[in-house]
Amino acid sequence: MTTATHPHAYLVFLGLIQSAEKEGQIPSLEPDAKRLLEAIAVNHHEGHNITISDAMALGSIASPATIHRKLDGLREMGLVDTFYEGGNRRTKFLIPTDQAQKYFDTVRAYLLQACALSKAG
């Protein structure tokens, strides 16, 4: 087995993210909350906002009770908001906020930086 002479881009990326979380540059999210935020954002990006019920059914992320707690945390952090669509006031949809977009923009910048560093290294 040979060792690489330059750092692996993904490991560099993880190091940058961990540093940014420690320094308070981006929110430190627990893995379940991060995956939930990502699921909400990806669906929104694809033009399909998920409902709270849809989120609660994401068993690959966590149990419904855990998802409910994570949703509350994401809302308190200002990363997710709820809204009603049309005249239906019974179904709440989830949407990433501007704060979530800033989070993803920052993570993207770290990803690009990691790729550049691994090519240079």
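For the structure itself, look to the data block above.
Caption draft 1: Layout of the pairing of strand β2 (residues 88–96). Across six bridges, the pairing between strand β1 (residues 80–85) and β2 is antiparallel. What sits directly across from V80, in β2, is P96. The turn joining β1 and β2, which pair antiparallel and follow one another in sequence, is formed by two residues; a positive phi near 65 degrees is taken by G86.

Caption draft 2: Here's a closer look at a nonpolar patch on the surface. Together, Y10, L11 and L14 give the surface a local cluster of nonpolar side chains, amounting to about 300 Å² of exposed area. For L11, the position within the fold is in helix α1 (residues 9–22).

Caption draft 3: Focus on the nonpolar core. Residues L36, L37, I40, A55, L71, L74 and L94 are the most contacted members of the largest nonpolar core, which totals 27 residues. Breaking this core down by element, the ones donating at least two residues are α1, α2 (31–45), α4 (64–76) and α5 (98–120). Non-local contacts of A55, meaning those with residues more than four positions away in its chain, are made with L36, I50, I67, L71 and L94.

Caption draft 4: Up close: the environment of T91. Relative to the elements of secondary structure, T91 occurs in strand β2. A residue is classified by how much of its surface remains accessible, and T91, at 26% relative accessible area, is partly exposed. For the pair T91 and T51, spaced 40 residues apart in sequence, the C-alpha separation works out to 6.8 Å. Not counting residues within four places of it along the chain, the set of residues in contact with T91 comprises T51, F83 and Y84.

Caption draft 5: Broad picture of the packing of aromatic side chains. The final tally for this structure, using the stated rule, is three aromatic pairs. Ring centres of Y10 and F13 lie 6.1 Å apart, and the angle between their planes is 35 degrees; on these two criteria the pair is classed as tilted. With a gap of three residues between them, Y10 and F13 both fall in helix α1, about one helical turn apart. Since its relative accessible area comes to 48%, Y10 is described here as partly exposed.

Caption draft 6: Quick look at the environment of R108. Mapping R108 onto the fold places it in helix α5. Take R108: its relative accessible area is 53%, and that puts it in the exposed class. Sequence separation of R108 and E46 is 62 residues, and the distance between their C-alpha atoms is 18 Å.

Caption draft 7: Up close: the pattern of salt bridges. For the structure on display, the rule yields three salt bridges. Note that E21 is salt-bridged to K34, the shortest N-O span being 3.5 Å. One end of the pair, E21, is in helix α1; the other, K34, is in helix α2, with 13 residues separating them in the sequence. The class of K34 is partly exposed, set by a relative accessible area of 21%. Between D72 and R75 there is a salt bridge, and its shortest N-O distance comes to 2.7 Å. One end of the pair is D72 and the other is R75, both in helix α4 and three residues apart, which spans about a single turn.

Rules used throughout
Residues numbered from 1 in each chain as written. Predicted model: local features only at pLDDT ≥ 70, side-chain atom pairs only at ≥ 80, totals over all residues. Heavy atoms only, no water. Pairing = 2+ DSSP bridges. Helix = DSSP H or I, 4+ residues; strand = E, 2+ residues; numbered from the N terminus. Patch = residues over 30% accessible without salt bridge, like charges linked within 9 Å, V, L, I, M, F, W, Y side chains within 5 Å. Areas by Shrake-Rupley, 256 points an atom, 1.4 Å probe, with all protein chains shown as cover. Salt bridge = Lys/Arg side-chain N within 4 Å of Asp/Glu carboxyl O. Core = buried A, V, L, I, M, F, W, Y, C linked by side-chain atoms within 4.5 Å. Buried < 20%, exposed > 50% of the residue type's maximum accessible area, 1.4 Å probe, protein only. Contact = heavy atoms within 4.5 Å. Phe/Tyr/Trp six-rings, centres within 6.5 Å; stacked < 30°, edge-to-face > 60°.

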